[in-house]
Amino acid sequence: MQRKVSLFIPCFVDQLLPQVAVDTVKVLRRLGYGVDYPEDQTCCGQPAFNTGYWDEARPCAEHFVRVFKHADAVVCPSGSCATMVRTFYADLLASSSLREDALALASRTFELSEFLVKVAAVTQVGATFPHTVTYHASCHGLRELKLRDEPLQLLRQVNGLTLIEMVRSEECCGFGGTFAAKFPDISGAMGNSKAENVAATGAEFVTAIDPSCLLHLEGILGKRQAPTRTIHLASILAHESRTNEAQKDESLPQERP
Amino acid sequence: MQTKEAQTEKAHVENASRDGILQQIRAGLRTAVPEPAAIGSERVIFEPISNPLERFQQECVSNLMECALTADCAASARQLSEVLQPLPEGEIFVQDDPSLRRLVEMTIELAAPTRAIRWSSEGAPAEAAQATVTLAEALIAQTGSILVTSACGGRGASVIAPCHIVYASVAQLVPDLATALGRVSQERIFDSNSFACVISGSSRTADIEKILVQGAHGPRRLVVILQTGS
Amino acid sequence: MSTAAQRFLQDAAVKSADLMHREVIRRGMDSYDAAHLKGRARIKDWEAARQKCQEIKREAINHLDRYLLQFEEKVIARGGHVYWAANSEEACSYVKNLAARFGVRTVVKSKSMVTEEIHLSPALEQAGIKVWETDLGEFIVQLRNEPPYHIVTPAMHLNRGQIAQLFREKLDPAIASDDPRDLMAVARRKLREAFFAAEMGISGANFLVADAGVIAISTNEGNGRLCTSLPRIHVVVTGIEKVIPRLEDLAVLWPVLATSGTGQGITTYGTLIGGPRRAGEVDGAEEFHVVLVDNGRSQLLADAEQREVLHCIRCGACLNICPVFRHVGGHTYGTTYPGPIGSVLTPHLNSIKEFKHLSYASSLCGACTSVCPVKINLHHHLLQNRRNATEAGATKSSERMMFRAWRSAMLHPRIYALGGWSMRKALRILYGLGLAGSILDPMRVWNRYRSPVPLPSESFRAIWRKDRKQDRRKNLGAN
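The model shown is predicted, which means the values in this text are computed figures rather than measured ones.

Draft legend 1. Geometry of the overall build of chain B. Each helix and strand in chain B was counted, giving seven helices and 12 strands. Taking 2.2 N^0.38 as the reference for a compact globule, 230 residues should give roughly 17 Å; the C-alpha atoms of chain B span a radius of gyration of 22 Å, well beyond that estimate. With respect to the three principal axes, the spread of C-alpha positions in chain B is 70 × 50 × 40 Å. Across the 230 residues in chain B, those meeting the buried criterion constitute 44%. Taking the intrachain contacts of chain B between residues at least 6 apart in sequence as the baseline, contacts between residues at least 24 apart amount to 77%.

Quick look at the structure:
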């Protein structure tokens, strides 16, 4: 009987970074998991919740709980979105009729690297990525889900990958969702500080478990015309060896013009 | 002269907001707040200290304090003389205690007195004092500290002059802060002293560019003459 | 938007772009980080230490009335005075009246954030009293007529050249050196005159020890010692939440405060004072007055979620680690208490309407919570403040409308999908016409600092559906 997981794809990944979701599916299937994607999912409610609009976030959270009610395990390629369900649904849905379902769902919801290392109990996922990579420790995954080692364990097992440590890797990239919209100058400054630390490593790629960090960093690096490209952990883990190394690797993020 | 009770009563009457604040505190505390689990078994927070003397000496080094081990009074007197001799012109202030009277006498015997001595029984240290000499209530190995009280020559004695010299014995060494503070409580130090201080080094500041400067408003030098014998 | 919020946005914009300022802060914080790590290594079980400190403060706050009364009784029994001030005005009045009663002309002050909070110095100066800040960092910012930049290191935004120049202008034009040791010597000479002349010394208190009935002050420079030893009158200005149950609690609180504040194992001076000088003592103040300031703290007790904010021991660790603080600095906040603790606390001490913006000026990274030595869940409190602000109707109605519309879309998967597709399409057209960053661009704030977001032609949902329809698994990996 094949093990089955349900995909929780954050709304902005669905809309702006679909490749991250595609790669997540690829990795899970390679490990023998059946993957289901409940098409009625929309948003976990984090944007409204973080901005203080809990009344507006609550129905979205309830919708989410209903959509995933029958999932065995929910896997999400985003630390912040997994955190929303795991850490904050209890508070948000404290007086909801779906409170018990939410708590049960939370215990079955995992961020991707967490799922691979702690549930699937693997660190070797058969990936090849012959490039230099530096790791940004996204805040929610690090401090809410306590995932310090798991992403690194996975990266260390990737064939050909050279991991270069970044200074202040645990310092926030400055996105913060609402924060970037309300305080763009501070957000930009923090992003640029992070970009400097990335540049100092000389790595070809910077990776993280949070696509929101990567979206923000990609924008910052792009504006700076920096050579380092962002790539989600899922995409690294999905990457396989090329039969012809000389051929341009279409599956990689494109170099900046 | 009003009784203590009457004084207290008067103070409370003159403080119009006191009752209001207490009421507000009590009202606020009626709100139930979930209490998370306690620490459980007594986890050891600080590494236990096996060799207090060694630890004290190590801490003195990190604290930029000087600790001179002496075998007996004569050696302590020599040590004191060595510390005082090169100091600039100016009086020294000494806590008036029989052991210090003896020590100073022996020091004078070694070298003729070139500077005035003001004893704590004569008053507070002068602004221009070059050094103060006091006893301590205890020494704390964990943090390389000395514990002084009002009885150790007063409050200013450990802070006014550029050099503070403490005359202590190894018998006064306690392993850690917990023991020292426990002793202060048990011996009801504050029944007879309005002041106590745990001093762990010379005064310092890092307010300019986070660069450590030794000697700010208090002493630049803190010297402990630590006598092992009698 | 409140004026405080507008000012914050402006100042933040300026400071965020100030690379020199960022460099100064970075160097200061690097120094702290290194010292802090060393300090942590001296404590065998740091997590146990944090836990213990949290328990001590929780016990104190949860029985605040009992411990304050115990403290008060002991101080009064020794001939000291305890005054309970409901707010800034009462606290300032009390100190002013005391100064008038005793003919005080000069005051020496050691560092106390509460005195900043109640604006004590201006009140005394208005009454014609000369107030000397004696903590070196506070002395420096006082000369510059600006507020402290940081609760532990008030002048960390200045370099030695600036300080030397300042001293030349305000103290002595003949100052030649900018070596920190020489500058300290200048300050020492100047302030020594004040220490010996002042009739009143004002200090804060890091802790009020209930069972011993003493105040505890943790300092390094010795200025706090002199302020509390030499002048005839000693006034302690402190928040009511500073109380701790037992003297022995200091055995863990002192090292933890020092480690979190500066990286030291313990501060140079741990001063304990229980009253005025006793008969037979060589020196010490003849008058000892403790002013217990409420100023909104007692109200915070009733807040089940945020009562623990009163556990704060003002170590400054959250400021040091906060990436927002590191980029905008302490002055930008425009509040007595900057950084994460300031953002959490200020709406309670002042008004939520005026200061809620500070709770939004955070990416909620949680670094503050991870370093707080008394385990205050700071970043979650910021979230709660945001929720409290919207519930109090203190947010823009247009924003509420926007989230209501967003909610409607999110409850209907097909509307969400259509909305997403339309947005991408519209932006692709807009950017194709070269209008990125223009007034028509809804992402123009994003595009100010970043290159435009990717705009794929298909959402993942579309890819998935197509894949299922065609039963072709090539894109999504073999099954």
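Once the structure has been displayed, the description carries forward.
Draft legend 2. Layout of the interface of chain C and chain B. With 80 residues of chain C at the interface, the matching set in chain B holds 63 residues. Considering every element that reaches the side of chain C that touches chain B, the biggest residue donor is helix α10 (residues 180–197) of chain C, with seven residues. Partitioned by chemical class, the residues of the side of chain C that touches chain B number 38 nonpolar, 23 polar and 19 charged. Two elements, strand β9 (residues 195–199) of chain B and strand β9 (residues 269–273) of chain C, share five bridges in a ladder whose sense is antiparallel. From the neighbouring strand, C197 of chain B faces β9 of chain C, where its bridge partner is T271 of chain C.

Draft legend 3. Representation of helix α4 (residues 73–84) of chain B within the structure. Residue and element names in this part refer to chain B. Here α4 is 12 residues long and its end C-alpha atoms lie 16 Å apart, about the 16 Å a rise of 1.5 Å per residue gives. When α4 is considered as a whole, its buried residues turn out to be S76, A77, Q79, L80 and L84. Down the axis of α4, the sector holding all buried residues measures 160°, keeping them to one side. Buried positions along α4 lie against β1 (66–70), β2 (92–94), α5 (98–110), β4 (131–134), β7 (163–169) and β12 (221–227).

Draft legend 4. Spotlight on the domain arrangement of chain C. As far as domains go, chain C holds domain 1 (42–295) and domain 2 (403–470). Of note, the centres of domain 1 of chain C and domain 2 of chain C, computed from C-alpha atoms alone, are 56 Å apart.

Draft legend 5. Expanded view of unusual backbone geometry. Even without being a glycine, E209 of chain B presents a positive backbone phi close to 55°. Looking at the element boundaries, E209 of chain B is found in the loop between β10 (204–205) and β11 (213–214). Backbone geometry at N295 of chain C places phi at a positive 50°, although glycine is not the residue there. Inspection of the secondary structure assignment puts N295 of chain C in the loop between β10 (287–293) and α13 (297–301).

Draft legend 6. Layout of the packing of helix α9 (residues 160–170) of chain C against α10 of chain C. All names here are of chain C. Direction vectors running N to C along α9 and α10 enclose 30°, while the axes themselves pass 10 Å from each other. In this view, α9 runs roughly parallel relative to α10, as classed from their interaxial angle. With respect to the hand of their crossing, α9 and α10 are arranged in left-handed fashion. Between α9 and α10, the contacting residues are R160, I163, A164 and F167 on the first element and P180, L183 and V186 on the second. Among the residues making up the contact of α9 with α10, the classes are represented as six nonpolar, no polar and one charged.

Draft legend 7. Focus on the interface of chain A and chain C. Contacts between the two partners involve 54 residues from chain A and, on the opposite side, 53 residues from chain C. Put simply, the parts of the chain that give the side of chain A that touches chain C at least two residues each are α1 (11–16), α2 (18–30), α3 (46–50), α4 (54–67), α8 (139–144), α10 (178–182), α11 (184–201) and α12 (211–223) of chain A. Partitioning the side of chain A that touches chain C into residue classes produces 27 nonpolar, 14 polar and 13 charged.

Draft legend 8. Structural context of the confidence of the model for chain C. The predicted model of chain C has a mean per-residue pLDDT of 93, with 98% of residues at 70 or higher. Taken over the whole predicted complex, pTM reads 0.93, whereas the ipTM for its chain interfaces reads 0.95.

Draft legend 9. Structural detail: the nonpolar core. Within the largest apolar cluster, 283 residues are counted, with the highest numbers of intra-cluster contacts made by V75 of chain A, A136 and V224 of chain B together with V107, L253, V291 and L292 of chain C. The element contributing the most residues to this core is helix α12 (residues 250–261) of chain C, with eight residues. Discounting residues that sit within four places of it in the chain, A136 of chain B has contacts with I146, L147, V148, C152, V166, A168 and Q172 of chain B.

Draft legend 10. Region of the structure containing the packing of α11 of chain A against helix α1 (residues 3–17) of chain C. One way to put it is that α11 of chain A packs onto α1 of chain C with a least axis distance of 8 Å and a crossing angle of 20°. The angle between α11 of chain A and α1 of chain C places the two elements in the roughly parallel class. The two elements α11 of chain A and α1 of chain C meet at a crossing, and its hand is left-handed. Counting all contacts with α11 of chain A, which are made through D185, I186, G188 and A189 of chain A, the residues of α1 of chain C involved are A12, A13 and S16 of chain C.

Draft legend 11. Seen up close, the sheet that holds strand β5 (residues 207–209) of chain C. The mixed open sheet is built from eight strands, whose spatial order is β8(B)-β5(B)-β6(B)-β9(B)-β9(C)-β6(C)-β5(C)-β8(C). Where the open sheet ends on each side, the last strands, each with one partner, are β8 (173–174) of chain B together with β8 (243–244) of chain C. Pairing of strand β5 (residues 138–140) of chain B with strand β6 (residues 145–149) of chain B involves three bridges; the strand directions are antiparallel. Across the sheet, residue A138 of chain B finds its bridge partner in β6 of chain B, namely L147 of chain B.

So, how was this worked out
- Residues numbered from 1 in each chain as written.
- Chains lettered and ligands numbered in written order.
- Predicted model: local features only at pLDDT ≥ 70, side-chain atom pairs only at ≥ 80, totals over all residues.
- Helix = DSSP H or I, 4+ residues; strand = E, 2+ residues; numbered from the N terminus.
- Rg over C-alpha atoms; globule rule 2.2 N^0.38 Å.
- Buried ≥ 20, exposed ≤ 12 C-beta atoms within 10 Å, placed from the backbone.
- Contact = placed C-beta atoms within 7 Å.
- Nonpolar A, V, L, I, M, F, W, Y, C, P; charged D, E, K, R; others polar.
- Pairing = 2+ DSSP bridges.
- Expected span 1.5 Å × (residues − 1).
- Arc of directions from axis to C-beta.
- Domains from an automatic or database assignment.
- Axes fitted to C-alpha atoms, helices over the stretch in contact; angles between N-to-C directions.
- Parallel < 35°, antiparallel > 145°, perpendicular 65-115°, else oblique.
- Left-handed = near helix turned anticlockwise from the far one by under 90°.
- pLDDT = per-residue confidence, 0-100.
- Core = buried A, V, L, I, M, F, W, Y, C linked by C-beta atoms within 7 Å.

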